[in-house]
Amino acid sequence: MKLLITGASGFLGQYVVAEALRRGHQVKAVIRPASDPTKFSWHDHPNLEQVRLDLRQRQGIADALKGVDAVIHLIAVKSGDFYTQFAGTVIATENLLDAMIASSIDRLIAISTFSVYDYQALGTGKLLDETAPLDRHPQYRDEYAQTKLIQEELYRKFEQEQSGQVTIVRPGMVYGRGELWHALLGMELSQSRWLCVGPNAFMPMTYVENCAEAIVLAAEREEAIGQTLNIVDEPVPTRSTYIRELSQRTPNPPRMTPILWPLMSLLAGLAWWINTQFLETRAKLPGILVPAKLQARFKPLRYNGEKAQRILKWTPKYSLGEAFDRSCSDDDLLTVAQPMNPVLSLSQR
């Protein structure tokens, strides 16, 4: 299969490219024009073509899609103001889908996020799976959640109006080398201390190599067409388990100050009430004191990856401990063996 993979130079994208090559696919890897592709060990693989594109611009997208069987779309902007993220996530997706329609390519593996769910609609301790409602009030969330919800609307429109063969993949928090300490663990108070909200709550985590394998399997399996799949590694770790395992492998880890979920939820609710009742929401509260944002990060819920495991016939390859060991090692995790009988690279044909 010939795959176009957008966001190939991103944290998750570089592993998706490596996994696709390992599984024998030909890959067109879309990288940012300013990226240095030589930093990835797969950059000179004979089954890979590097495509320098800015998807915010239409120019060149149709050419990149020539000969492609399916698109794995990973691009999303996670920082900057709303307009920056809108351009990098929504406009980029609109341009890609328009080019796919013009090129008669209908197979799309669209990478979304757990950020689209409506956490306030779920009771504490409930199961969050693919049937959970999407957030109906994203204006109270961050720009990332807002733009990813709009992006999913574009995927659904492509599926319904253009008969697109779409699989929406929603990974939990993706962790791995360079991305081990993250926002689901708590709030960074200083370089040496974090506030840990709800230490006994479960976290929807997926190790980057496990997630990459699931994404490529979603491209391969016809059973995945028309499905929405949450990607979560099992067993699902609690916050305290994750922090303990990670701290054992981290020199001088930060000290974690725990706070129970009911107390943190009460404090956020009080701060929000004061802000709305007396300050007309003019106060710029830290995210941890905005109930919608707090619940999206820390609300104690249950998670599983049962649907993805069943449809993709996928089992996470690496456990939590193995994932930490790999992430903290000096091994090149992106190495892809060259074919026994090398063929001309796509760029040489």
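Quick summary incoming for the structure in this document.

How each quantity is defined
Residues numbered from 1 in each chain as written. Predicted model: local features only at pLDDT ≥ 70, side-chain atom pairs only at ≥ 80, totals over all residues. Heavy atoms only, no water. Axes fitted to C-alpha atoms, helices over the stretch in contact; angles between N-to-C directions. Helix = DSSP H or I, 4+ residues; strand = E, 2+ residues; numbered from the N terminus. Parallel < 35°, antiparallel > 145°, perpendicular 65-115°, else oblique. Left-handed = near helix turned anticlockwise from the far one by under 90°. Contact = heavy atoms within 4.5 Å. Nonpolar A, V, L, I, M, F, W, Y, C, P; charged D, E, K, R; others polar. Pairing = 2+ DSSP bridges. Patch = residues over 30% accessible without salt bridge, like charges linked within 9 Å, V, L, I, M, F, W, Y side chains within 5 Å. Areas by Shrake-Rupley, 256 points an atom, 1.4 Å probe, with all protein chains shown as cover. Salt bridge = Lys/Arg side-chain N within 4 Å of Asp/Glu carboxyl O. Core = buried A, V, L, I, M, F, W, Y, C linked by side-chain atoms within 4.5 Å. Buried < 20%, exposed > 50% of the residue type's maximum accessible area, 1.4 Å probe, protein only. Expected span 1.5 Å × (residues − 1). Polar contact = N/O pair within 3.5 Å; in protein donor to acceptor, adjacent residues only side chain to side chain. Phe/Tyr/Trp six-rings, centres within 6.5 Å; stacked < 30°, edge-to-face > 60°. 1 Å grid on protein atoms, 1.4 Å probe; cavity = no way out; pocket = protein on both sides within 12 Å on 5 of 7 lines; lining within 4 Å. Points joined across faces, edges and corners; volume = space filled by probe spheres on them.

Overview of the packing of helix H1 (residues 13–22) against helix H5 (residues 208–220)
Contact geometry for H1 and H5: axes closest at 8 Å, N-to-C directions at 55°. Taken as axis vectors, H1 and H5 run oblique relative to one another. For the pair H1 and H5, the sense of crossing is right-handed. Contacts between H1 and H5 involve Tyr15, Val16, Glu19 and Ala20 on the former and, on the latter, Val208, Glu209, Ala212, Glu213, Ile215 and Val216. Tallied by class, the residues present in the contact of H1 with H5 amount to seven nonpolar, no polar and three charged.

Re the sheet that holds strand S12 (residues 228–231)
The sheet built from seven strands is open, its strands ordered S3-S2-S1-S4-S5-S7-S12 with parallel pairing. At either margin of the open sheet sits one strand with a lone partner, and together these are strand S3 (48–52) and S12. The mean inter-strand angle of the sheet, taken between neighbouring strand axes irrespective of direction, is 20°. Against the sheet, helix H3 (residues 82–102) touches strand S1 (2–5), strand S4 (70–73) and strand S5 (107–111), its axis set at about 175° to S4. Strand contacts of helix H4 (residues 143–161): S4, S5, strand S7 (165–171) and S12, with the helix running at about 155° to S7, the strand carrying the most contacts.

Side note on a nonpolar patch on the surface
There is a patch of nonpolar side chains on the surface, built from Leu270, Trp273, Ile274, Phe278 and Leu279 and spanning about 490 Å² of accessible area. Mapped onto the secondary structure, Leu270 falls in helix H7 (residues 261–278).

Digging into the pattern of salt bridges
Per the stated rule, a full pass over the model turns up 14 salt bridges. A salt bridge links Arg249 to Asp325; the shortest N-O distance between them is 2.7 Å. On the criterion of sequence distance, the pair formed by Arg249 in the loop between helix H6 (239–247) and strand S13 (255–259) and Asp325 in helix H10 (residues 320–327) is long-range, its members being 76 residues apart. Notably, a salt bridge pairs Glu306 with Arg310, separated by 3.0 Å at the nearest N-O pair. Of this pair, Glu306 and Arg310 both sit in helix H9 (residues 306–312), four residues apart, which is roughly one turn of that helix. When salt bridges with common partners are traced through the structure, they connect Glu245, Arg249 and Asp325 into a single cluster.

A look at the nonpolar core
Core analysis: the biggest nonpolar cluster contains 58 residues, and Ile72, Ile215, Tyr242 and Leu312 have the highest contact counts within it. Examining the composition of this core, we find that nine residues originate from one element, H5, more than from any other. Once residues lying within four places of it in the same chain are set aside, the contact partners of Ile72 are Leu3, Leu4, Ile5, Thr6, Val16, Ile109, Ile111, Ile215 and Ala219.

Here's the deal with H7
Taking 1.5 Å per residue as the helical rise, H7 with its 18 residues ought to reach 26 Å, and the 26 Å between its terminal C-alpha atoms agrees with that figure. Those residues of H7 hidden inside the fold are in contact with strand S10 (193–197), S13 and helix H8 (291–298). Glu280, located one to two residues past H7, shows a positive phi value of around 55°.

Side note on the side chain of Gln85
Tracing the backbone shows Gln85 in helix H3. Residue classification places Gln85 among the buried positions, given a relative accessible area of 2%. In this structure the side chain of Gln85 is engaged in a polar contact, spanning 2.9 Å, whose partner is the backbone oxygen of Gly80. In this structure Gln85 touches Val77, Lys78, Ser79, Gly80, Val90, Glu143, Tyr144 and Thr147, once residues within four positions along its chain are discounted.

Regarding the packing of aromatic side chains
Under the criterion given, the structure shown has 14 aromatic pairs. Between Tyr175 and Tyr242, the aromatic rings sit 5.5 Å apart at their centres with planes inclined by 80°, giving edge-to-face as the arrangement. Taken together, the positions of Tyr175 in strand S8 (residues 173–175) and Tyr242 in helix H6 put the pair 67 residues apart, joining distant regions of the chain. Note on accessibility: Tyr175 and Tyr242 belong to one class, buried. Among the aromatic residues, those joined into a ring-pair cluster are Tyr175, Tyr207, Tyr242, Tyr318 and Phe324.

Considerations on the layout of surface pockets
Size it by volume and the second largest pocket reaches roughly 320 Å³. Around the second largest pocket, the lining comprises 16 residues; the ones closest to its centre are Gln139, Lys284, Leu285, Val290 and Lys293. Those elements that provide at least two residues to the lining of the second largest pocket are H4 and H7. Taken together, the residues that form the lining of the second largest pocket break down as five nonpolar, five polar and six charged.

With respect to the packing of H7 against H8
Between two packed helices, what matters for the description is the angle formed by their axes and the separation of those axes. At a minimum axis distance of 9 Å, the contact between H7 and H8 shows a crossing angle of 160°. Between H7 and H8, the angle falls in the class roughly antiparallel. Judged by the sense of rotation from one axis to the other, the crossing of H7 with H8 is right-handed. Contacts between H7 and H8 involve Trp261, Met264, Ser265, Ala268, Gly269 and Trp272 on the former and, on the latter, Pro291, Leu294, Gln295 and Phe298.

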